[in-house]
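Here is how the chains run, residue by residue.
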Amino acid sequence: VILNDYTYYGIPSPWLHVKALRVLHYFPVIENDNVWTKLSEILRRTISSAPIDKNTNKNNALHAILFESISLMMHLNMDSEVLAQCVTLLGKFVSIKEPNIRYLGLENMSRLSLVPEMMSTIKSHQEQIVLSLHDPDISIRRRALDLLYRMCDSENSHEVVDQLLNYLTTADFAIREELALKIAILSERFASSLKWYVDVIISLIDKAGDHVSDEVWYRVVQIVTNNEDLQSHAAANVLQKLQDGSSHETMLKLSSYILGEFGQLLQGSEREIFHILKDRMGSASALTKGLILSAFAKIETRNPDDAEVIEAIKEIFRRYGTIPDAELQQRAVEYAALSGMKEAATVMALMPKFPERESSLLKLMAAETAENSLPIGRARASDKDADALPSAGQSNDLLGLEDTIEGTVPVVPLELAHPKAAQNDPMDLLEGLSVSEPAAPAPASVQPAASDPFGIGGFSDLTVQNDTSTSLQPQLMGGTLEGWYTKLCVANKGVLYQDQFLQIGVKADFQKAQGRLVLFLGNKHAGELSNVVLSIPPIPSYRIQVGNVPSAIAAQAQVQVPIAVSCVEPSLDVPKLQVVYQVEGQPLKLDLQLPLIPTKFFSPVQNIDANSFFGAWKSIPSAPLKLQQILKCEDTIDISRVQGLVGSVGFTVAQGLDPSPNNIVGVGAFNCESSGETMVMLRLEVDPNTKKQYRITVASNNALLTSSTKELLLKNL
């Protein structure tokens, strides 16, 4: 019996009712048929007697019980007939004028869309859900967008994607980025053909280029390059978009690449392509201008008889060969020199096919699936056979989304940069032309000593080989570029550059894969430094964002420029820092290196366990994952100084792991966005007799990390 004091608008104790339904989520699976039948009957009565009252407070209480009941039904994996009744009831809520009820209807229908058997019933309300995209309330528009995204499958994907593309032109700026991402994911997940996918993404970039990430157009480039039957179609499509006035930066990047590569497939259009790209070049970013210059180089090579176009392109190369931007200047000079060489046709041939690799959107899709999936193992024993059936929509894998990702095969670092650039940077047409030297042979293995847990033996097996190796101008003051850079590789603050006009200092802080740098630009000159420009050309290994750069620095004044950096993947590439400024009207340019190397993204390793360490150490057999080198020193090695150096590089010095007090063992955890944490291990053995020679061994599961860490230590020891 419920007392009147606990009755709320005629509903007996609705709060207790809701709590009881919630508690039932935490009980084991109900196997007792009598209990199951009784609970099912209660839940059926709840959803069948859910009127909509004029009183808002009563509605709130009724709906709280109703929606908690629906949640419990989903949790218990009740039969499809009951859940279909829930969907029908929620469909009525979606069409009601009251915004709160519409919102709750969309939200709970979105949850029910996680039940595969309910998809066809939910699809019957698709028209009403699409209308909710234009609701005045943005929260309702977001719920409608989420529901459309979840209810999309191989049967209605074309219709849903077309509706979202149409909605994109009128959608709020607050949700355009989310909307563009959902369209890109749906088109990749349910692509009926590669041609349809390419057309959808080109339309998406045309309508919302500012909200589309670079990974999306990279994917289009990869697919078009690898499929010859798509090349002329994609070239015609992007050319038509440019002719219609499309001017998004992302569209211009994609068009520059595709038309530069495949523009010759459009008969008689090369001259028009040149003029369209030339007209848009002036307002493009530096990165896009680089792509356009590459397209011009290819157009010039393919059309040697068109004197007008050839001369115009050469004039552009001459003009860009003198601009301050080093990247664009280098491209223009190289392309201009290449145009008169017989090798031009070979260098400017079509790009080779890209290696098949995982789409960047696949990770988002996988994370979403894990987050939104239904609880596992909640079905009754009698229902588990039905649950074992495979879900629909997992065939027709046109974009390679079902490929499993295997571990990266380690390679020699000298050979790593070129294929990696080919995968991540479709803009660099000259990548891969340089010749790499072969890697040094691995050291000969020796019989491990029983007393040495590292499996190497004492220092007695070391053998050391002999060594075989009239205008204003900035004047370096107080050091050298190499010296300043080397010091900053093992320190987080110091001088990066200094001359009679300008001093550049650095202060940095790193937390796992993220870093924050502040550049201190100090004017040492008696007059103002004007037209200051600071740029960092992008590289795939780091994502770098530069803060505001003042255009002028007053005499004897200092300004600060913040820089945010994220490590995407391990790399030997070092970001370049280009600084341009004017002294008394004369421009000066500096080409520097930012002290961003893999060891900057090392984090301490706490509680180092000897068994785990030696298990990892011995599991790495030889080069290139485990590298070793022996060196002599002129002076006696200071163990305490070496320990300090090892710590400053980012290693945690592990006391007690090595039986010899003359040796140092270090462990560091390298962090990046692509692969998370990677353990890097170090052993440095000092000759106990002379203390003037040492052997350094570095091991990790990434050859590039091993090599870069060893070289950094050797440079500073």
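Every chain begins its residue count from 1, and numbering advances along the sequence as written. For this predicted model, a pLDDT threshold of at least 70 governs which residues receive local features, and a threshold of 80 or more governs which side-chain atom pairs are given and counted, while totals over whole chains, interfaces and linings are taken from all residues. Think of the side-chain values as coming from all heavy atoms in the structure, minus any hydrogens and water.

With that out of the way, let us pick up the sheet that holds strand β6 (residues 529-535). Reading across from one edge, β6-β9-β10 is the order of the 3 strands in this open sheet, with antiparallel pairing throughout. The open sheet has two free edges, formed respectively by β6 and β10 (586-593), since each of these has just one partner strand. For this sheet, the mean inter-axis angle between neighbouring strands, taken without regard to orientation, is 15°. Two strands form a pair only when DSSP identifies at least two bridges running between them. Helical segments are the DSSP runs of H or I of at least four residues, strand segments are the runs of E of at least two, and each set is numbered from the N terminus. Sheet topology places strand β9 (residues 576-583) next to β10; 8 bridges connect them, and they run antiparallel. Looking at the pairing, V580 lines up with K589 of β10. In this analysis an axis means a line fitted to C-alpha atoms, helices contributing only their contacting stretch, and an angle means the value between N-to-C directions, from 0 to 180 degrees.

Within a regular beta strand, the side chains point alternately toward one face of the sheet and then the other, so they alternate between its two faces. Exposure is judged per residue with a 1.4 Å probe applied to protein chains only, and the accessible area is read against the type maximum: over 50% gives exposed, under 20% gives buried, and values in between give partly exposed. Within strand β15 (residues 676-686), 8 of the 11 residues are buried, which leaves it mostly tucked inside the rest of the structure. Taken together, the 10 bridges between strand β14 (residues 663-672) and β15 define a ladder with antiparallel strand orientation. In the sheet register, F670 faces β15, and the bridge partner there is T678. Taken together, β14 and the strand that follows it, β15, pair antiparallel across an intervening segment of 3 residues. With antiparallel pairing between neighbouring strands as the criterion, β15 and strand β16 (residues 693-700) make up a hairpin whose turn holds 6 residues, including K691 at a positive phi of roughly 55°.

A few words now on the confidence of the model for the protein. Mean pLDDT over the protein works out to 79, with 83% of the residues at or above the 70 mark. Predicted confidence for residues 369-379 stays below pLDDT 50, and this span has 18 contacts to residues more than four positions away or in other chains. Throughout residues 382-451 the model reports pLDDT below 50, and contacts reaching past four residues in sequence, or to other chains, amount to 90 contacts. Confidence of the prediction at every residue is given by pLDDT, a number between 0 and 100. By definition, residues are in contact when any of their heavy atoms lie within 4.5 Å.

Mapped onto the fold, N663 is located in strand β14. Engagement of the side chain of N663 in a polar contact is seen with the side chain of D658, the distance being 3.1 Å. Between N or O atoms, a polar contact is any pair within 3.5 Å; within protein, one atom must be a potential hydrogen donor and the other a potential acceptor, and residues adjacent in sequence are included only when both atoms are from side chains. At a separation of 3.3 Å, a polar atom in the side chain of N663 contacts the main-chain amide nitrogen of V686. Discounting residues that sit within four places of it in the chain, N663 has contacts with D658, R683, L684, E685 and V686.

Where side chains of opposite charge bring their charged atoms close, a pairing between them can arise. When a carboxyl oxygen of Asp or Glu lies within 4 Å of a side-chain nitrogen of Lys or Arg, that pair is called a salt bridge. Per the stated rule, a full pass over the model turns up 26 salt bridges. With a closest N to O distance of 3.9 Å, E178 and K182 form a salt bridge. Placement of both E178 and K182 in helix α10 (residues 173-189) is noted, with a separation of 4 residues, approximately one turn of the helix. Overall, the relative accessible area of 26% leaves E178 in the partly exposed class. For K182, a relative accessible area of 10% corresponds to the buried category. Across the salt bridge formed by K241 and D206, the nearest N and O atoms sit 3.9 Å from each other. Here K241 is found in helix α13 (residues 228-243), whereas its partner D206 is found in helix α11 (residues 194-208), with 35 residues between them in sequence. Residue classification places K241 among the buried positions, given a relative accessible area of 19%.

Another aspect to go through is the sheet that holds strand β3 (residues 493-498). Strand order in the open sheet formed by 5 strands is β3-β4-β5-β8-β7, and the pairing between neighbours is antiparallel. Of all the strands in the sheet, the pair left with one neighbour each is β3 and β7 (542-546). Each adjacent strand pair in this sheet contributes to an overall mean axis angle of 25°, direction not counted. Sheet analysis places β3 next to strand β4 (residues 502-511), joined by 5 bridges and oriented antiparallel. Residue pairing for β4: Q498 is matched across the bridge by Q503. The sheet strands contacting helix α23 (residues 481-489) are β3 and β4, and the helix crosses β3 at an angle near 160°.

Pairing of aromatic rings covers Phe, Tyr and Trp, the last through its six-membered ring, and needs centres within 6.5 Å; plane angles under 30 degrees mean stacked, over 60 mean edge-to-face, and all others mean tilted. In this structure the tally under the stated criterion is 11 aromatic pairs. Where F317 meets Y335, the ring centres are 5.9 Å apart and the plane angle is 45°; that geometry is what we call tilted. Here F317, found in helix α17 (residues 307-320), pairs with Y335, found in helix α18 (residues 326-338); they are 18 residues apart in sequence, far enough to count as distant. The exposure class of F317 is buried, given its relative accessible area of 2%. Judged by its relative accessible area of 3%, Y335 is buried. Aromatic side chains F602 and F651 sit 5.4 Å apart centroid to centroid with 90° between the ring planes, which places their arrangement in the edge-to-face category. Of this pair, F602 sits in strand β11 (residues 602-603) while F651 sits in the loop between α25 (639-649) and β13 (652-653), and the two are 49 residues apart along the sequence. Each member of the pair, F602 as well as F651, carries the same accessibility label: buried. Members of the aromatic cluster, each reached through a chain of ring pairs, are F510, Y542 and F601. The ring of Y149 has K182 sitting right over it, with the charged end atom 4.2 Å from the ring centre. In this scheme, the term charge over a ring applies when either NZ of a lysine or CZ of an arginine sits within 6 Å of the ring centre and within 35 degrees of the ring normal.

The subject of this paragraph is the nonpolar core. Across soluble globular proteins, nonpolar side chains have a tendency to be buried as a group. Throughout, nonpolar core names a set of buried Ala, Val, Leu, Ile, Met, Phe, Trp, Tyr and Cys residues whose side chains join them through atoms within 4.5 Å. Core analysis: the biggest nonpolar cluster contains 121 residues, and L112, L164, I183, V198, L204, L254 and F296 have the highest contact counts within it. Residue contributions to this core peak at 10 residues, all from α11. Residues in contact with L204, not counting those within four places in the same chain, are L165, L168, A180, I183, A184, G209 and V212. Grouped together as the second largest cluster of nonpolar side chains are 62 residues, V506, L521, L588 and L590 included.

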